[in-house]
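Here's the letter readout for the chains.
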2 protein chains.
Amino acid sequence: MKPSFDLSLYLVTDKPENYRKPLLDAVGEAVAAGVTIVQYRADSGSRRELYETALALRQRLRPLGVPLIVNDCVDLALAVDADGAHIGQNDLPAPVARRLLGAGRLLGVSVTNAAQLAATDLSVVDYLGIGPVFTTYSKRNAAPAIGVAALAELRRRTALPVVAIGGLNAARAPEVLKTGVNGIAVVSALSQVDDIAGAVRALRAARPAA
Amino acid sequence: MKPSFDLSLYLVTDKPENYRKPLLDAVGEAVAAGVTIVQYRADSGSRRELYETALALRQRLRPLGVPLIVNDCVDLALAVDADGAHIGQNDLPAPVARRLLGAGRLLGVSVTNAAQLAATDLSVVDYLGIGPVFTTYSKRNAAPAIGVAALAELRRRTALPVVAIGGLNAARAPEVLKTGVNGIAVVSALSQVDDIAGAVRALRAARPAA
């Protein structure tokens, strides 16, 4: 059975050295304070190191009931029994990733523009990551920022759950959430801070009252 | 059912730019001339590009009956329905790779010394790659060369099929094959040459008469 998921505050892991405490502790603190889903984005280290870290995250998050998504590496997602994988436009095609993941795991796909959205087989996708909304410094080779208006337009074109990503923080969250996206994804807003729990609370406070 | 495999002349793909013709044509020529198994080692390009190339290799090799092994990326091996995967000491642990691959695909593991051999769960492994026997320039971050005597010693310690790798060519093949390994793996000996078929024949001629 596919796990339920809540995109409202989606933490994407930054490089471990960008945290002021061990990665696992930083993620644990963020989840305790209200992060609803975690993506392990690993862009350095050996595959064995990524596996060990992903496994530790898996063990940390499972008792908390917060889904773990693995970025790019579908084999790593399967290896640690993650709740799903997130892929970009230069990764395995979505239908291939779905075939490997099976029906019981989540599949997220990054989309930057309408052409990519139209080219994606949405029938195999559980949610979309749309962005970068603003310029991001936490991802190598990120596409140029699309802005809030383009995000809103893409949001209107799909009925799938959407998480916005790219340069997001508490100050920018209200205008982004007004586009009707289901949540916001943050990287450096929860890594390069001393008070992670406080930063999570600020991000949650930026949501319009339900 | 697990595919049968013959390690006697094992081609590991080099960077495409090191071939004097398109990678697919080079591999096709090598296989036509007598290469018995092919490993796709992709260490640059996006995951989508690696997928496209691996898929093209798969289509090229299947009618020829020559197994395709994918290096490191177990998801890529599964995605293109390769015959197996080959992993190193810094990749997923062998039992995890085996679980993802299932029983029907081959799993090769690289081993450099006796400690690594002892630490490997050989029950899940189909063959070992032992080396680098000589200094190699075709693999980034390769371990120091172990030499022919160490290869012979490692060969004696296992009953698994073994392919020797690292700086191998037709001149060095006879002394390497005398250690009792099942075959030799080559990279630059079949990439940086004009006459690939001739190079394959020279490598095959280096085998002691059966």
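In this text the structure is predicted, and so the values were computed from the model without any measurement.

Visitor: What's the story with the pairing of strand 7 (residues 162–165) of chain A in this structure? I'm lost.
Guide: Side chains on a regular strand alternate between the two faces of the sheet. Residue and element names in this part refer to chain A. Note: strand 6 (residues 127–130) against strand 7, three bridges, orientation parallel. When the sheet's bridge partners are listed, Leu128 is paired in strand 7 with Val162. Note: strand 7 against strand 8 (residues 183–186), three bridges, orientation parallel. Note that in strand 8 the partner of Val163 across the bridge is Gly183.

Visitor: Can you walk me through the sheet that holds strand 4 (residues 84–87) of chain B in this structure?
Guide: Hydrogen bonds between backbone groups are what pair the strands of a sheet, and the pairing can be parallel or antiparallel. Residue and element names in this part refer to chain B. Within the closed barrel, the eight strands sit side by side as 1-2-3-4-5-6-7-8. Their pairing is parallel. Going from strand to strand, the sheet's axes swing by 25 degrees on average, the running direction of each strand aside. Sheet contacts for helix 4 (residues 94–101): strand 4 and strand 5 (106–111); angle to strand 5, the most-contacted strand, approximately 160 degrees.

Visitor: Sorry if this is basic, but what is going on with the pattern of salt bridges here?
Guide: Close approach of charged atoms allows side chains with opposite charge to pair. In total, this model carries 22 salt bridges over all chains according to the counting rule given. In this structure, the salt-bridge partner of A:Glu29 is A:Lys21, at a minimum N-O distance of 2.4 Å. A salt bridge links A:Asp91 to B:Arg47; the shortest N-O distance between them is 3.6 Å. Taken together, the residues span two chains, with A:Asp91 in the loop between strand 4 (84–87) and helix 4 (94–101) and B:Arg47 in helix 2 (residues 47–61). Take A:Asp91: its relative accessible area is 7%, and that puts it in the buried class. Accessibility expressed as a relative area gives 28% for B:Arg47, which makes it partly exposed. Through salt bridges with shared partners, a single network forms among A:Lys2, A:Arg98 and A:Asp126.

Visitor: I keep staring at the interface of chain A and chain B and nothing clicks. Help me out?
Guide: Where interface size is given, it is often the accessible area lost as the parts come together that is meant. Counting residues at the interface gives 19 residues for chain A and 19 residues for chain B. In total, chain A and chain B occlude about 1,800 Å² of area from one another, counting both sides; carbon and sulfur atoms represent 57% of this. Its largest share of buried area at the contact with chain B, chain A owes to A:Arg47, A:Arg48 and A:Asp75, together 34% of the area lost on that side. Remark: the boundary between chain A and chain B carries two salt bridges. Along the contact surface separating chain A from chain B lie 13 residue pairs in polar contact (both at pLDDT 80 or more). Per-element tally for the side of chain A that touches chain B: the top contributor is helix 3 (residues 74–79) of chain A, with five residues. Residues of the side of chain A that touches chain B, tallied by class, amount to 10 nonpolar, three polar and six charged.

Visitor: Even after reading the chapter, I still don't get the packing of helix 1 (residues 23–33) of chain A against helix 2 (residues 47–61) of chain A, so can you show me in this structure?
Guide: Residue and element names in this part refer to chain A. It is the contact of helix 1 with helix 2, at a shortest axis distance of 10 Å, that shows an interaxial angle of 30 degrees. In terms of their interaxial angle, helix 1 and helix 2 are classed as roughly parallel. The interaxial crossing formed by helix 1 with helix 2 has right-handed handedness. For the pair formed by helix 1 and helix 2, the contact residues are Leu23, Leu24, Asp25, Val27, Gly28 and Val31 on the first element and Thr53, Ala56, Leu57, Arg60 and Leu61 on the second. The class makeup of the residues in the contact of helix 1 with helix 2 is seven nonpolar, two polar and two charged.

Visitor: Explain the nonpolar core here, please?
Guide: Nonpolar side chains in soluble globular proteins generally cluster together in the buried interior. By size, the foremost hydrophobic cluster in this structure holds 134 residues, and its most contacted members are A:Leu76, A:Val176 and B:Leu76. Once residues lying within four places of it in the same chain are set aside, the contact partners of A:Val176 are A:Val133, A:Phe134, A:Val148, A:Leu151, A:Ala164, A:Leu168, A:Val181 and A:Ile184.

Visitor: Where do I start with the relation of the copies chain A and chain B in this structure?
Guide: The operation relating the pair of chain copies consists of a rotation about an axis and a translation along that axis. For the pair chain A and chain B, the superposition axis carries a translation of 0.0 Å, the fit reaches an RMSD of 0.0 Å, and the rotation angle comes to 180 degrees. Interpreted geometrically, this transformation is the action of a two-fold axis. The position closest to the rotation axis in chain A is occupied by the C-alpha of A:Asp75, lying 2.4 Å away. Taken together, the interface assignments show that 100% of the residues at the interface of chain A recur at the interface of chain B, consistent with an identical surface on both copies.

Each value, and the rule that gives it
Residues numbered from 1 in each chain as written. Chains lettered and ligands numbered in written order. Predicted model: local features only at pLDDT ≥ 70, side-chain atom pairs only at ≥ 80, totals over all residues. Heavy atoms only, no water. Pairing = 2+ DSSP bridges. Helix = DSSP H or I, 4+ residues; strand = E, 2+ residues; numbered from the N terminus. Axes fitted to C-alpha atoms, helices over the stretch in contact; angles between N-to-C directions. Contact = heavy atoms within 4.5 Å. Salt bridge = Lys/Arg side-chain N within 4 Å of Asp/Glu carboxyl O. Buried < 20%, exposed > 50% of the residue type's maximum accessible area, 1.4 Å probe, protein only. Buried area = accessible area lost by both parts, 1.4 Å probe. Polar contact = N/O pair within 3.5 Å; in protein donor to acceptor, adjacent residues only side chain to side chain. Nonpolar A, V, L, I, M, F, W, Y, C, P; charged D, E, K, R; others polar. Parallel < 35°, antiparallel > 145°, perpendicular 65-115°, else oblique. Left-handed = near helix turned anticlockwise from the far one by under 90°. Core = buried A, V, L, I, M, F, W, Y, C linked by side-chain atoms within 4.5 Å. Least-squares fit on C-alpha atoms with pLDDT ≥ 70 in both.

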